[in-house]
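# Structure assessment
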Amino acid sequence: MSRLNPRQQEAMQAVSGAVLVLAGAGSGKTSVITRKIAYLIEECGLKGHQILALTFTNKAAREMKERVGQLVTGKAGKGLTVSTFHNLGLNIIRREYAALGYRPGFSIFDASDVLALLKDLTHKEFEAAEDACEPIQYMISNWKNDLVTPVQALAGANGPEQALAARVYEAYEKTLKLYNGVDFDDLILQPVKLFQEREDILQKWQNRVRYLLVDEYQDTNSSQYLLVKQLVGMRSNFTVVGDDDQSIYAWRGARPENLSILRADYPSLKVIMLEQNYRSTGRILKVANELIDHNPHEFSKALWSDKSYGEPIRVISCRNEDAEAERIATEILQQHLQNQGDFKDFAVLYRGNHQSRLMEMKLQAYKVPYKINGGQSFFGRTEVKDIMAYLKLLLNPADDNAFLRIVNTPRREIGAATLEKLVNYASMHSVSLIEACQESSLSHAMSNAAYARVNEFGSWIASLAEQAERDDPIAAVRQMIREMDYEDWMLQTSSGPPMAEKRMANVELLVESLKTSLDKAVDKNDNADMGDAVARLVLLDILERQEEEDDTDRVQLMTLHAAKGLEYPHVFMMGMEEDLLPHRNSIDEGNVEEERRLCYVGITRARQTLTMTLARKRKQFGEMIETTASRFLDELPADDLEWEGRGDEDPAKKVEKGQAALAGLKGLFADL
DNA sequence: TCCTTTCGTATTTTT
DNA sequence: TACGAAAGGA
């Protein structure tokens, strides 16, 4: 798409003041943003380093950078920053850590690190049940996203759970600071607080950003919005692009109302709507529009397309979940054979990750190549978490959390009893655990044998840390992995040698990522050190780049959330049932509107064909449950749907279909 | 201290 | 069903 339509053009050329672009699904918003950046540089005389574009995912940032790179040549574009909110926050903290009261080499605590810390805290200080931690973690995160301090949280607490959570919150913040750690929310929150307190530092950053662009603006939370406002300052030159109908992250603090708040905050706000869709058939858009009309709207828009009307939306009701997955698998295979379609043109979307399991089995059975997007992440793997904890500990001796994770992994015969004594000693003398290990007076607190083991571990880590700082950090890391016989440990803890090998490969991938990250920093003459490399690793940055390269021909499996921003010629949405697509929890919490938007996002991923499936019976907690078709199906225009398996279709057609399916399968088995 | 077994309980989405 | 936590035995 080389030419912009009038609306898009208008959005591109609106360069003074505040601009809100309401970009419907598939309306070419990435084109608008990238073209606008090019326009700013080439027509408005801005330099690349004066422009900042913010996204939510690394992938979006990478894509945008790439596309701008194609449009802008020469050095005017140099220094352009396209980054995620979290990466920007990390960079700010990196530069200003001293003003924020952090020491060098701070650790980023990811969600599971935080949970471990909270468990420890509640156990020790509050005698609360460990399983109360997940809700507490959630509440703390929400408070931080809304810039609520522990004191305010306690004052505004509703009921005993919230009061407890607020007290844990206070202790958590203290401990995190003590550990020289920041969590994900801090990556935004700390810069915002800093900017509130230090006008001079804020000005420094404001001067660097002459123009700001924000993608997926409906996903911003309160602190992110504040950060945007702060950076923009009095100049108020910025463009935000978003779509309230695609707001599906309210549960993690996103405030779609940030869209309408803009009007109040910037009275001269220019609002531009992009409604022409370049992706889907007319019918898919009609169905999507009709569904989303069931939600109340602040800004109402209707997508349209000059493409053909397209094929009916198929809705297939299956006997059970097994038949559902099987049906999708054979359907894909059949369409692949009949139309010579690539496998990568198909996507199977679902609400929850667990739904991928059956689908995977069926695809395997029919030898259909597939790729699961999301689910069990690289960083969720124990071996990766272990090594990351070692890295964090090397860089940040105060990270007791990392210490606790790996003191006894691999086994060093340092058990609960010894650890308790160590923890007591450390808190008595107010030193970190790793420091305590190296103090000789610790020997009085425990048996000689235990002391010897603990001490050995401490000096081992210390010498590695020193070595990493002195010469090649990568060599130090490799040596560390060798010296602790991690491979041996993998062999012991894996289900078999092939498994162990795979896990070691993950470890190697991690080290390689670290290396490329460091090399790159050296190239750019950015004085980034190992700490930065590890920090960025925690933010998933590097690994994703490696995953990127395989663009093999595979069916894509992912959650509806993960599908946002993507598009496929043929889309399957599975599990179109009450309690699953409007998810039970969301129904109970009265969040059906967000579920409807989720469904909308799914529908609008499809370019040519859309197939929705449901199972009449589904296994739940081990027993078969009768399901009800999703209310969203009733909200779609019946004339555009072609039902199958509901019992009211033309019998002749049914036979015809059965035969077609059979023929397809026969062809397949002939191939095998 | 570590490993096995048993029991109980929960399946939403993720930067 | 499938995983994690607690408890008990080596």
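First things first, this report covers the structure right here in the doc. (Residues numbered from 1 in each chain as written. Chains lettered and ligands numbered in written order. Predicted model: local features only at pLDDT ≥ 70, side-chain atom pairs only at ≥ 80, totals over all residues. Heavy atoms only, no water.)

### Brief notes about the protein's contact with DNA strand B
Note the following rule: Whether a residue is near a molecule or strand depends on its heavy atoms: it is near if one of them lies within 4 Å of it. Contacts described as polar in this section are N or O atom pairs within 3.5 Å, which, within protein, must combine one atom able to donate a hydrogen with one able to accept it, while residues neighboring in sequence count only if both atoms come from side chains. Secondary structure counts use DSSP, requiring at least four H or I residues in a row for a helix and at least two E residues in a row for a strand, with both numbered from the N terminus. Three categories are distinguished: nonpolar for Ala, Val, Leu, Ile, Met, Phe, Trp, Tyr, Cys and Pro, charged for Asp, Glu, Lys and Arg, and polar for the others, with Gly belonging to the last.
The local shell around DNA strand B holds 22 residues, among which Phe 56, Arg 351, Asn 353, Gly 415 and Phe 621 are the closest. Of what DNA strand B places within 4 Å of the protein, 52% of the atoms are sugar or phosphate. At a separation of 3.1 Å, a base oxygen of DNA strand B approaches a polar side-chain atom of His 86. Within the contact set of DNA strand B, a phosphate oxygen lies 3.2 Å away from a backbone nitrogen or oxygen of Gly 415. Ranked by residues supplied to the surface near DNA strand B, first place goes to helix H18 (residues 416-428) with three residues. When the residues that make up the surface near DNA strand B are grouped by side-chain class, the tally is seven nonpolar, 10 polar and five charged.

### As for the pairing of strand S3 (residues 81-84)
Cut-off, in case you're wondering: Paired strands, in this sense, are two strands between which DSSP finds at least two bridges. Looking down the strands as they point away from the viewer, one classifies a crossover as right-handed if the path from the first strand across the helix to the second runs clockwise.
Looking at chain direction, strand S2 (residues 51-55) and S3 are connected through four bridges and run parallel. Across the sheet, residue Leu 54 finds its bridge partner in S3, namely Ser 83. In this region the chain leaves S2, passes through helix H3 (residues 58-71) and returns to the parallel neighbour S3; the handedness of that crossover is right-handed.

### Quick word on helix H9 (residues 186-197)
The test is simple: The length a helix should cover is 1.5 Å for every residue beyond the first. Only protein chains enter the accessibility calculation, which uses a 1.4 Å probe; a residue is then buried when its area is under 20% of its type maximum, exposed when over 50%, and partly exposed in between. Any two residues having at least one pair of non-hydrogen atoms within 4.5 Å are treated as being in contact.
Taking 1.5 Å per residue as the helical rise, H9 with its 12 residues ought to reach 16 Å, and the 16 Å between its terminal C-alpha atoms agrees with that figure. For H9, the buried fraction is high: nine of the 12 residues fall into the buried class. Listing the buried residues of H9 in full gives Asp 186, Leu 187, Ile 188, Leu 189, Gln 190, Pro 191, Val 192, Leu 194 and Phe 195. Elements that come into contact with the buried residues of H9 comprise helix H4 (85-100), helix H6 (133-145), helix H8 (159-178), strand S5 (181-183), helix H10 (199-208) and helix H11 (222-232).

### Some thoughts on empty space enclosed by the protein
Which entries qualify depends on this criterion: A pocket, in this scheme, is an open set of points on a 1 Å grid over the protein atoms alone with protein on both sides within 12 Å along at least 5 of 7 lines, while a cavity is a set where a 1.4 Å probe fits but cannot get out; residues line either one if an atom lies within 4 Å of a point. Grid points are joined across faces, edges and corners, and a volume is the space filled by probe spheres set on the points.
If you walk through the whole model with that rule in mind, you get three cavities of 30 Å³ or more. By volume, the largest cavity is sized at about 60 Å³. If you trace the largest cavity, you find it lined by Gly 105, Phe 106, Ser 107, Ile 108, Lys 392, Leu 395, Asn 396, Gly 531, Val 534, Ala 535 and Val 538. Elements with a contribution of two residues or more to the lining of the largest cavity: strand S4 (107-109), helix H16 (382-395) and helix H24 (530-538). In terms of residues, the lining of the largest cavity owes the most to one element, H24, which gives four residues.

### Description of unusual backbone geometry
Here Leu 147, not a glycine, exhibits a phi torsion of approximately 60°, which is positive. Structurally, the position occupied by Leu 147 is in the loop between H6 and helix H7 (150-155). Given the relative accessible area of 25%, Leu 147 is considered partly exposed. Even without being glycine, Asp 485 reaches a positive phi, approximately 55°.

### Looking at the packing of aromatic side chains
Put simply, the rule reads: Centres within 6.5 Å are what make two rings of Phe, Tyr or Trp a pair, Trp counting through its six-membered ring; a difference in plane orientation under 30 degrees is then read as stacked, over 60 as edge-to-face, and the rest as tilted. Cation placement over rings: the criterion is NZ of Lys or CZ of Arg within 6 Å of the ring centroid and within 35° of the ring normal.
Summed over the entire model, instances satisfying the criterion amount to 11 aromatic pairs. Pairing Tyr 102 with Phe 106 gives two aromatic rings, centres 6.3 Å apart and planes at 45°, and the pair type is tilted. On the basis of relative accessibility, which here comes to 6%, the residue Tyr 102 falls in the buried class. Judged by relative accessible area, Phe 106 falls into the buried class, the value being 13%. Their ring planes at 45° and their centres at 6.2 Å tell us that Phe 457 and Trp 460 sit as a pair that is tilted. Within this pair, Phe 457 and its partner Trp 460 are both found in helix H20 (residues 448-470), separated by three residues, close to a single helical turn. Residue Trp 460 is classed as buried on the basis of its relative accessible area of 17%. Joined through ring pairs, the aromatic side chains of Tyr 390, Phe 403, Phe 457 and Trp 460 make up one cluster. Against the face of Trp 205 rests Arg 208, its NZ or CZ located 4.8 Å from the ring centre.

### A word on the nonpolar core
Using the following cut-off: What we call a nonpolar core is a set of buried Ala, Val, Leu, Ile, Met, Phe, Trp, Tyr and Cys residues that are connected through their side-chain atoms within 4.5 Å.
Leu 422 and Ile 481 are the most contacted members of the largest nonpolar core, which has 93 residues in total. Judged by nonpolar contacts, the second largest core, of 40 residues, contains Tyr 249, Tyr 568, Leu 610 and Leu 633.

### Here we look at the packing of H9 against H10
Put simply, the rule reads: Lines fitted to the C-alpha atoms define the axes, with helices restricted to the stretch that makes contact. Angles between their N-to-C directions range from 0 to 180 degrees. Roughly parallel refers to an angle under 35 degrees, roughly antiparallel to one over 145, roughly perpendicular to one between 65 and 115, and oblique to any angle outside these ranges.
Interaxial distance between H9 and H10 falls to 5 Å at its minimum, and their mutual angle equals 115°. Here H9 is positioned roughly perpendicular relative to H10, judged by the angle of their axes. Packed against H9, whose contacting residues are Leu 194, Phe 195 and Glu 197, the element H10 presents Glu 199, Ile 201, Leu 202 and Trp 205 at the interface. When its residues are assigned to classes, the contact of H9 with H10 shows five nonpolar, no polar and two charged.

### Side note on the sheet that holds strand S8 (residues 270-274)
If you trace the six strands from one edge of the open sheet to the other, you get S3-S2-S6-S7-S1-S8, paired in parallel fashion. Single-partner strands in this sheet number two, and they are S3 and S8. Across the sheet, the mean angle separating the axes of adjacent strands is 15° when strand polarity is ignored. Across the sheet, H3 lies against S2 and S3, angled at about 165° from S3, the strand it touches most.

### Description of the pattern of salt bridges
The criterion, for reference: The term salt bridge refers to a pairing of a side-chain nitrogen on Lys or Arg with a carboxyl oxygen on Asp or Glu at a separation within 4 Å.
Overall, the coordinates contain 47 salt bridges when judged by the stated rule. Two residues, Asp 200 and Arg 198, come together in a salt bridge whose shortest N-O distance is 3.1 Å. Between Asp 640 and Lys 286 there is a salt bridge, with the nearest N and O atoms lying 2.9 Å from each other. Of this pair, Asp 640 sits in the loop between helix H29 (631-634) and strand S16 (641-644) while Lys 286 is found in helix H13 (residues 282-292), placing the two residues 354 residues apart along the sequence. Its relative accessible area of 34% is what places Lys 286 among the partly exposed residues. Here the salt bridges do not stand alone but share partners, grouping Lys 29, Asp 215, Glu 216, Asp 219 and Lys 564 into one network.

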